[in-house]
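Examination of the molecular architecture
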Amino acid sequence: MKLQGKKAVITGGASGIGQGCAMALAAAGADVALNDRSDGPGLQAVLADIRRLGRQAVGVPGDAFDRAECERIVAAAVEGLGQIDILVSSPAYTARAPFLDFDPQKFEAVLRGTLVAGFHISQLVARHMVDRGAGGKIVFISSVQARIPYTRSVAYNAAKAGLNNMAYTIANELLPHRINVNCIEPGWIDTPGERAAFGDEAIARDGPQLPWGRLGTAADVGNAAAFLASEEAAYVTGTTLVVDGGLWLKAARA
């Protein structure tokens, strides 16, 4: 129970990677304020799973892409848990299209949902952590697409690369406050969103062709988040942990 007594807020936590992070942190002992866009069955199901582990779970629905909503999310998390020791920033929005045809409004929406949203929630939580004076942990969920420029993903690639550099800058500025700031770069992870985008057949066909012989799981990413949120990673800040089963090395194996 390496996170016993810690209080975490996780955005985008009702499914996929956010859900995996929520369950891993709760299994390690953390109480969780869980955010998602709506207070629907998905959010309630994850909250129930966390409570079954004996942890406190507070639902804080709201649009993490919006500054005013982020202010409300953080206030509700502090009210529900008493404090925030850990932030896992996991919201994202993506759209795929060729660069020459990419909708400019969708480009801006992807940056807002991935990069700008990360700025809003992390700044608000960091201010709370600095005021408390007890340090803290901030973990951004990035992507190997920050380093692999996949076609048809110009906005998402740019947003994740920007997220990484923003995280390093935040880590640098928060060093005096002993707030660790790091990124996780997942590879191809088996989530509902990926199955909706690519289909079960494509995932079943292509997963075994990956370097590790399978897609990653939300739990793989969650375990990395639990490590970075723990005192075991007290000397780790301003860096990226790649959780991709060797995906970004695939070209080097040819």
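Residues numbered from 1 in each chain as written. Predicted model: local features only at pLDDT ≥ 70, side-chain atom pairs only at ≥ 80, totals over all residues. Heavy atoms only, no water.

**Some details on the overall build of the chain**
Spelled out, the test is: A run of H or I in DSSP counts as a helix once it spans at least four residues, and a run of E counts as a strand once it spans at least two, with each numbered from the N terminus. As defined in this context, the radius of gyration uses C-alpha atoms, and a globule is described by 2.2 Å times the residue total to the power 0.38. Each residue gets one of three labels from its accessible area relative to the maximum for its type: buried under 20%, exposed over 50%, partly exposed in between, using a 1.4 Å probe on protein chains only. Contacts are assigned to residue pairs that have any heavy atoms within 4.5 Å of one another. Throughout, the Shrake-Rupley method with a 1.4 Å probe supplies accessible areas, and for residues the shown protein chains are the sole cover considered. Charge convention: Lys and Arg are scored as positive, Asp and Glu as negative, and His as well as the terminal groups of each chain are ignored. By convention, the point assigned to a charge is CZ for Arg, NZ for Lys, CD for Glu and CG for Asp.
Assigned secondary structure in the chain consists of 8 helices and 7 strands. Its C-alpha radius of gyration of 17 Å places the chain within 12% of the 18 Å reference for a compact globule of 254 residues. Counting only C-alpha atoms and orienting by the principal axes, one finds that the chain spans roughly 50 × 35 × 35 Å. Classification of the 254 residues of the chain by burial places 50% in the buried group. A separation of at least 24 residues holds for 73% of the contacts in the chain among residues at least 6 apart in sequence. Counting every atom, the chain has about 11,700 Å² of accessible surface; 54% of that belongs to carbon and sulfur. With 24 positive and 25 negative side-chain charges, the chain shows a separation of 4 Å between the mean positions of the two kinds.

**Comments concerning the layout of surface pockets**
This is how it is decided: Two kinds of site are reported from a 1 Å grid over the protein atoms alone, namely cavities, where a 1.4 Å probe fits but cannot get out, and pockets, open sets with protein on both sides within 12 Å along at least five of seven lines, and residues are called lining when an atom falls within 4 Å of a point. Grid points are joined across faces, edges and corners, and a volume is the space filled by probe spheres set on the points.
The calculated volume of the largest pocket comes to roughly 1,200 Å³. Lining the largest pocket are 42 residues, and of these Thr94, Arg96, Tyr156, Thr191 and Glu194 sit closest to its centre. Looking at the lining of the largest pocket, the elements that each hand over two or more residues are helix 1 (16-27), helix 5 (154-174) and helix 6 (192-198). The greatest single-element share of the lining of the largest pocket, amounting to 5 residues, is contributed by helix 6.

**Concerning the pairing of strand 1 (residues 7-11)**
Spelled out, the test is: A strand pair is defined by DSSP finding two or more bridges across the two strands. Here, the term right-handed applies to a crossover whose path from the first strand over the helix to the second runs clockwise when the strands point away from the viewer.
When you tally the buried positions in strand 1, you get 5 out of 5 residues, the bulk of the element. Residues Lys7, Val9 and Thr11 point to one face of strand 1 and Ala8 and Ile10 to the other, with burial holding for every one of them. The pairing of strand 1 with strand 2 (residues 31-34) spans 4 bridges and is parallel. Within strand 2, the residue paired with lysine 7 across the bridge is aspartate 31. Taken together, strand 1, helix 1 and strand 2 constitute a β-α-β crossover, and its handedness is right-handed.

**Description of the packing of helix 1 against helix 2 (residues 41-52)**
To characterise two packed helices, one gives the angle between the axes of the helices and the distance between these axes. Here is the rule we go by: In this analysis an axis means a line fitted to C-alpha atoms, helices contributing only their contacting stretch, and an angle means the value between N-to-C directions, from 0 to 180 degrees. Working rule for angles: under 35 degrees goes down as roughly parallel, over 145 as roughly antiparallel, 65 to 115 as roughly perpendicular, anything else as oblique. Crossing handedness is read from the near helix: turned anticlockwise from the far helix by less than a right angle, it gives a left-handed crossing, and turned clockwise, a right-handed one. Just so you know the grouping, Ala, Val, Leu, Ile, Met, Phe, Trp, Tyr, Cys and Pro go in nonpolar, Asp, Glu, Lys and Arg go in charged, and all remaining residues, Gly too, go in polar.
For the pair helix 1 and helix 2, interaxial distance at closest approach is 9 Å and the crossing angle is 15°. If you check the angle between helix 1 and helix 2, you find them roughly parallel. Like other packed secondary-structure pairs, helix 1 and helix 2 cross with a definite hand, here right-handed. Facing helix 1, whose interface residues are Gln19, Ala22, Met23 and Ala26, helix 2 presents Val46, Asp49 and Ile50. Considering only residue class, the contact of helix 1 with helix 2 consists of 5 nonpolar, 1 polar and 1 charged.

**Focus on the side chain of glutamate 194**
Following the sequence through the fold, glutamate 194 ends up in helix 6. Excluding anything up to four places from it in sequence, glutamate 194 contacts Arg96, Trp188, Ile189, Gly199 and Ile203.

**Things to note about helix 8 (residues 218-228)**
Of the residues making up helix 8, those classed as buried are Ala218, Val221, Gly222, Ala224, Ala225, Ala226 and Leu228. Packed against the buried residues of helix 8 are helix 1, strand 5 (136-141), strand 6 (179-186) and strand 7 (240-243).

**Some details on the packing of helix 4 (residues 104-132) against helix 5**
Contact geometry of helix 4 with helix 5 gives a least axis separation of 8 Å together with a crossing angle of 15°. The angle between helix 4 and helix 5 falls in the class roughly parallel. The two elements helix 4 and helix 5 meet at a crossing, and its hand is right-handed. Here Phe107, Val110, Leu111, Thr114, Leu115, Gly118, Phe119, Ser122, Ala126 and Val130 of helix 4 come into contact with helix 5, specifically with Val154, Ala155, Tyr156, Ala159, Lys160, Gly162, Leu163, Met166, Ile170 and Leu174. Considering only residue class, the contact of helix 4 with helix 5 consists of 15 nonpolar, 4 polar and 1 charged.

**As for the nonpolar core**
To be explicit about the condition: We call a set of buried Ala, Val, Leu, Ile, Met, Phe, Trp, Tyr and Cys residues a nonpolar core when their side-chain atoms join them within 4.5 Å.
Ranked by internal contacts, the top residues of the largest apolar core, which has 33 residues, are Ile10, Cys21, Leu25, Leu34, Val88, Ile184 and Val221. When contributions to this core are tallied by element, the ones reaching two or more residues are strand 1, helix 1, strand 2, helix 2, strand 4 (86-89), strand 5 and helix 8. With 6 residues, the single largest contributor to this core is helix 1. Ile73, Ile170, Ala171 and Cys183 belong to the second-largest nonpolar core, a separate cluster that totals 28 residues.

Structural measurements only, silent on function.
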